[in-house]
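This is what each chain is made of:
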Amino acid sequence: LLGKTQTAEFGWRGLTETRLAGVTPNAWNTGYASGGSSGGAAVAAALGLGPLHVGTDGGGSIRAPAAVNGVFGFKPSYGRVAGYPAALNGNLFHIGPITRTVRDAARLLSVIAAPDIRDWTSLPESGIDWTEGLSDPDLNLKGVRIGYVRTLYGRSVHPDIAKAVDAAVKVLAAQGAIVEEITPDIPDPTPILAAYGAERAARLRREIGDAGLEQVDPAIKAAVLAAQRYGIAELVEAQDQRAALAVKLKRLHQRHALLVTPVQSQPVPRVGTAPEVPFLGAFNLTQQPAASVPVGFDANGLPIGLQIVGPPLGDALVLRAARAYEIAAPFRRVRVSV
């Protein structure tokens, strides 16, 4: 164990910059943001500071920093990796690997994917070796149906990102996948996530008290205070909407084994601003496995990620697709000068 990497304060923001520990900048250019909340893990992976890193993802906190730092990040199915003590954001919270390669992530998953009696939501022991088949030089995606979602919720996607993701999807098709461009009728999950965020805010306030609230980042304090307007009725409504979203996604997966989307909608921003990653949180609500695969660079030379989403418990297929892409288009690494 080399050490604890830096995270956002309480894992709250998609930005690894805190008053306590300072700024964790992007691995490719220190003038740009590293994302978050597991920004330290993604930067360390990119720079080769240890081969295996564990991140946590309650709304994109593995996939976003992995994307903007050019490494592989995997959010397994909910409960695949047990967690204790419980996270503030409850059953949105996934624990998974951030690594330079897909096979390294699978190796780590084979160690950490286990139940824990203290986590009553953790999945039973699967006995799966997650690396199985990933070393096969003939690995392909023959016959795998993929739904390509260029955007969701009507959000605009920057041309640099759209171009890189289009090219990546062609690579998947060349690996034998049957790709169909689709425009699913999925509602913007922001209101649902906001209600669950209010629950998280209440947990945080109970944990740190009013005295602690005076010491946190002003943005976190403001969010905690604003969350007081939510009541039981709003949370129950959010739970119903979450269930409806999960059903919509399950129906999509009846036709498409995998879905792919961009990770970012806009290029990596400067330090001080969180990357725009609007397509990630829905898959925490539905507890599906999802990965971020590095697929290119924007005009500033900063990484772009492709999101690969599997059906519930479809972790092995997500890893297979990511590895098939990696074989065809090996991930480029940061050159570190010592």
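Our structure's up above, just so we're on the same page.
We now turn to the structure provided with this report.

Cut-offs and rules
Residues numbered from 1 in each chain as written. Predicted model: local features only at pLDDT ≥ 70, side-chain atom pairs only at ≥ 80, totals over all residues. Heavy atoms only, no water. Helix = DSSP H or I, 4+ residues; strand = E, 2+ residues; numbered from the N terminus. Rg over C-alpha atoms; globule rule 2.2 N^0.38 Å. Buried < 20%, exposed > 50% of the residue type's maximum accessible area, 1.4 Å probe, protein only. Areas by Shrake-Rupley, 256 points an atom, 1.4 Å probe, with all protein chains shown as cover. Lys, Arg positive; Asp, Glu negative; His and termini not counted. Charge placed at Lys NZ, Arg CZ, Asp CG, Glu CD. Contact = heavy atoms within 4.5 Å. Salt bridge = Lys/Arg side-chain N within 4 Å of Asp/Glu carboxyl O. Axes fitted to C-alpha atoms, helices over the stretch in contact; angles between N-to-C directions. Parallel < 35°, antiparallel > 145°, perpendicular 65-115°, else oblique. Nonpolar A, V, L, I, M, F, W, Y, C, P; charged D, E, K, R; others polar. Phe/Tyr/Trp six-rings, centres within 6.5 Å; stacked < 30°, edge-to-face > 60°. Lys NZ or Arg CZ within 6 Å of the ring centre and 35° of its normal.

## Observations regarding the overall build of the protein chain
When helices and strands are tallied, the protein chain shows 9 helices and 10 strands. Whereas a compact globule of 338 residues would reach a radius of gyration of roughly 20 Å, the protein chain reaches 19 Å, a difference of no more than 12%. For the C-alpha atoms alone, the extent of the protein chain along its principal axes is close to 60 × 50 × 40 Å. Evaluated residue by residue, the protein chain yields a buried proportion of 49% over its 338 residues. For the protein chain, the exposed surface amounts to about 15200 Å²; the carbon and sulfur share of it is 54%. Looking at charge distribution, the protein chain has the averaged site of its 33 positive side-chain charges lying 3 Å from that of its 29 negative ones.

## Examining the side chain of Ser38
Counting through the fold element by element, Ser38 comes out in the loop between strand S2 (22-23) and helix H1 (39-47). Once residues within four sequence positions are removed from consideration, Ser38 is found in contact with Gln6, Thr16, Gly55, Thr56, Ser61, Pro65 and Ile98.

## A closer look at the pattern of salt bridges
Here the structure, examined in full by the defined rule, presents 13 salt bridges. A salt bridge links Arg255 to Glu180; the shortest N-O distance between them is 3.0 Å. Placement of the pair is Arg255 in helix H7 (residues 232-255) and Glu180 in strand S7 (residues 178-181), with a sequence separation of 75 residues. Using a relative accessible area of 47% as the deciding quantity, one classes Arg255 as partly exposed.

## Describing the packing of helix H3 (residues 102-112) against helix H9 (residues 315-328)
Where H3 contacts H9, the two axes come as close as 9 Å, and the packing angle between them is 150°. On the basis of their axis angle, the class for H3 and H9 is roughly antiparallel. Listed contacts from H9 to Val102, Arg103, Ala106 and Leu109 of H3 are Leu319, Ala322, Arg323 and Glu326. Class assignment of the residues belonging to the contact of H3 with H9 gives a composition of 5 nonpolar, no polar and 3 charged.

## Side note on unusual backbone geometry
The omega torsion across Gly36 and Ser37 is 10°, close enough to zero to call that bond cis. Turning to its location among the elements, Ser37 is positioned in the loop between S2 and H1. Even without a glycine there, the phi angle at Tyr153 is positive, about 60°. Positionally, Tyr153 belongs in the loop between strand S6 (145-148) and helix H4 (159-174). One non-glycine residue, Gln287, lies in the positive phi region at around 65°. With respect to the secondary-structure elements, Gln287 resides in the loop between helix H8 (282-285) and strand S9 (290-297).

## Structural notes on the packing of aromatic side chains
Taken as a whole, this structure holds 3 aromatic pairs when the rule is applied. Ring geometry for Trp28 and Phe297: centres 5.0 Å apart, planes at 65°, overall edge-to-face. Taken as a pair, Trp28 in the loop between S2 and H1 and Phe297 in strand S9 lie far apart in primary sequence, 269 residues in all. Residue classification places Phe297 among the partly exposed residues on the basis of a relative accessible area of 29%. With a centroid separation of 6.5 Å and an interplanar angle of 10°, the aromatic rings of Phe72 and Phe74 are classed as stacked. Each member of the pair, Phe72 as well as Phe74, carries the same accessibility label: buried. A cation sits over an aromatic face here: Arg200 above Trp12, 4.6 Å from the ring centre. Of note, Arg332 hangs over the ring of Phe297, and the distance from its end group to the ring centre comes to 4.5 Å.

Worth remembering: the numbers are spatial, not functional.
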